[in-house]
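Residues per chain, in single letters:
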Amino acid sequence: MRPSLKDIAKELNLSKTTVSWVLSGRAQQKGISEATANRVIEYAMKLNYQPNLIARSLNTGTTKTIGLIVPSISDSFYSEVAREIEAEARNKGYSLMIGSSESDINREDEILRLFKAKVVDGIIIAPTKRSKIEIQRLIDEAYPLVTFDRFFPELEASYIIINNRDSSYMLTKHLISKGCKKIAILTTNSYLTTMSHRREGFEDALRESRYPINPHLIGEVHYEDYEKNIYKVLDGIFKEVPDVDGFFFTTHILALEAFQYFHDKGINPNFELASIHEVPIFKVVSPRINIARMPIEEIGKNAVNILIEQIDFVRKNRSKRNRKIEPKRMVLSCSLDFRS
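What counts and how
Residues numbered from 1 in each chain as written. Predicted model: local features only at pLDDT ≥ 70, side-chain atom pairs only at ≥ 80, totals over all residues. Heavy atoms only, no water. Helix = DSSP H or I, 4+ residues; strand = E, 2+ residues; numbered from the N terminus. Phe/Tyr/Trp six-rings, centres within 6.5 Å; stacked < 30°, edge-to-face > 60°. Buried < 20%, exposed > 50% of the residue type's maximum accessible area, 1.4 Å probe, protein only. Pairing = 2+ DSSP bridges. Axes fitted to C-alpha atoms, helices over the stretch in contact; angles between N-to-C directions. Contact = heavy atoms within 4.5 Å. Parallel < 35°, antiparallel > 145°, perpendicular 65-115°, else oblique. Left-handed = near helix turned anticlockwise from the far one by under 90°. Nonpolar A, V, L, I, M, F, W, Y, C, P; charged D, E, K, R; others polar. Right-handed = clockwise from strand over helix to strand, strands pointing away. Arc of directions from axis to C-beta. Core = buried A, V, L, I, M, F, W, Y, C linked by side-chain atoms within 4.5 Å.

Colleague: Give me the lowdown on unusual backbone geometry, citing residues and values where you can.
Modeller: Note: most residues except glycine have negative phi, and most peptide bonds are trans. With a phi angle near 60 degrees, Asn 13 is a residue other than glycine that sits in the positive phi range. Along the chain, Asn 13 falls in the loop between α1 (5-12) and α2 (16-23).

Colleague: Quick rundown of the packing of aromatic side chains? Include the residues and the values.
Modeller: Taken as a whole and assessed by the stated rule, the structure comprises 17 aromatic pairs. Between Phe 238 and Tyr 261, the ring centres sit 6.1 Å apart and the planes meet at 10 degrees, which makes this aromatic pair stacked. With a gap of 23 residues between them, Phe 238 in helix α10 (residues 226-240) and Tyr 261 in helix α11 (residues 252-265) connect regions that are remote in the sequence. The class for Phe 238 is buried, based on a relative accessible area of 17%. The buried category is assigned to Tyr 261, whose relative accessible area is 3%. On the basis of an interplanar angle of 35 degrees and a centroid distance of 6.3 Å, the ring pair of Phe 238 and Phe 271 is categorised as tilted. Separated by 33 residues along the polypeptide, Phe 238 in helix α10 and Phe 271 in the loop between α11 and β9 (272-276) bring together distant segments of the chain. Pair check on accessibility: Phe 238 and Phe 271 agree, each one buried.

Colleague: I'd like a rundown of the sheet that holds strand β10 (residues 290-293), residues and numbers included.
Modeller: The strands that make up a sheet pair up through hydrogen bonds in the backbone, lying either parallel or antiparallel. Ordered by their spatial adjacency, six strands build an open sheet running β7-β6-β8-β9-β10-β12, and the pairing between neighbours is mixed. Edge positions in the sheet fall to β7 (218-221) and β12 (335-337), since each has one partner strand and no second. Each neighbouring strand pair of the sheet contributes to a mean axis angle of 15 degrees, computed without reference to strand direction. Direction of pairing for β10 relative to β12: antiparallel, over a ladder of three bridges. Opposite Arg 293, over in β12, you have Ser 335 as the bridge partner. The strands touched by helix α8 (residues 164-177) within the sheet are β6 (183-188), β8 (246-249), β9, β10 and β12, with β9 carrying the most contacts at an inclination of about 175 degrees. Where α10 meets the sheet, it contacts β6, β7 and β8, and its direction lies at approximately 165 degrees from that of β7.

Colleague: Now, about the sheet that holds strand β3 (residues 122-125): what can you tell me, with residues and values included?
Modeller: Pairing is parallel in the open sheet, where six strands are placed in the order β2-β1-β3-β4-β5-β11. Only two strands of the sheet have a single neighbouring strand rather than two, namely β2 (95-100) and β11 (329-332). Along the sheet, successive strands turn relative to each other by an average axial angle of 15 degrees, direction set aside.

Colleague: Help me get a handle on the packing of α1 against α2, residues and values and all.
Modeller: Contact pair α1 / α2: the axes reach a minimum separation of 8 Å and the direction vectors enclose 110 degrees. When the interaxial angle is binned, α1 and α2 end up roughly perpendicular. For the pair α1 and α2, the sense of crossing is right-handed. When α1 is examined against α2, the residues Leu 5, Lys 6, Ile 8 and Ala 9 are found in contact with a partner set consisting of Lys 16, Val 19, Ser 20 and Leu 23. In the contact of α1 with α2, the residues fall into five nonpolar, one polar and two charged.

Colleague: I'd like to hear about the pairing of strand β4 (residues 145-148), residue by residue, with values.
Modeller: Along β4, one buried face is formed by Leu 145 and Thr 147 and the opposite face, lined by Val 146 and Phe 148, is buried too. When β3 meets β4, the two strands line up parallel, connected through three bridges. Bridge assignment links Ile 123 to a residue of β4, and that residue is Leu 145. Where the polypeptide runs from β3 across helix α7 (residues 132-140) and back to β4, its parallel neighbour, the crossover connection is right-handed.

Colleague: Describe in detail α7, supporting the description with residues and values.
Modeller: Every buried residue belonging to α7 is among Glu 134, Ile 135 and Leu 138, and all of these are buried. An end-on view of α7 places all buried positions within 100 degrees of arc, on one side of the element. Exposed residues lying more than 90 degrees from the buried face of α7 are Ile 133 and Asp 140. The secondary structure elements touched by the buried residues of α7 are α6 (105-117), β3 and β4. Positive backbone phi, at 55 degrees, marks Ala 142, one or two positions downstream of α7.

Colleague: Please give an account of the nonpolar core that cites residues and values.
Modeller: Within the largest apolar cluster, 43 residues are counted, with the highest numbers of intra-cluster contacts made by Ile 66, Leu 68, Phe 77, Ile 124, Phe 148, Ile 160 and Ile 299. If you tally residues by element for this core, the top one is helix α13 (residues 296-316), at eight residues. Among the nonpolar cores identified, the runner-up in size contains 26 residues, and Tyr 226, Leu 273, Val 279 and Ile 291 belong to it.

Colleague: For the pairing of β8, give the residues involved together with the corresponding values.
Modeller: Side chains Gly 246 and Phe 248 project from β8 onto one buried face, and the interleaved Phe 247 and Phe 249 project onto a second face that is buried too. For β6 and β8, the ladder comprises four bridges, and the chain directions are parallel. Across the sheet, residue Ala 184 finds its bridge partner in β8, namely Phe 247. Here β8 pairs with β9 via four bridges, running parallel. By the bridge assignment for β9, Phe 248 is matched with Ala 274. Crossover handedness for the path β8 to α11 to β9: right-handed.

This is the structure in structure tokens:
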């Protein structure tokens, strides 16, 4: 049986309230002496005491935990954002629970249910398209929630995204300025609003330059088994337009897979390239690729701060039946790095 607050209080001849204040970090605020606080902490460590988060949430309205759900923790972008979220949460006195949905709606719903059962104070999520119903349910419950990278424009939820359309437009315009006339786009998950915005930015740049939008230069890669699917897509592009002179990748993952394709096919990628986001290996395999760099630190910090604002609002308004969280929408700019 794990030790309780009552056990610690009895052994140290203190009240449960005093022990609770010390272990929740409020000893100084409540006028508890440093000596008493140290006695409590040392004894709790000796017993390997773990607080009952559910019990604590009933008393304080918060468990000081945040849930994070990403499509894939192996994706460098999401792992970097997770690191920033964890660091900012820790600075604000919160711990982080992370789940990877693998872009599977059933898995995502399972993690959401788990996090709520664990009484996390709020959730940060890069959702799947099909999670709209569950997201709406959280909104209706006034459950603290922030989405990032992906969002539902029709829902009253807080979100943080990048300027997808503008970044894609500016990258494509740069390729055009370098003399490209037959630019291919590789994209995926076109049902996501963020991805459709990236394609729109690409097409805006072509139209402005009076270039035709050639369907043979639009490569839609299915996310499932995308490593194999991208080979079929690229084979089709080179078959229909063998003199393609530029590539715009809507994600760094597609760029990586394209580089593998070029290597396997013995193709010298001497055409102009551009990508949303990058990974360190780009500097080795394609040092001249043009990049719209995602503001990872800003995404992580803002997601945590917006969520904590919601958590504080809900805690202060627990007794109100009709409380509503006012959503915050944030569009962050990418930094552009033109290398060619």
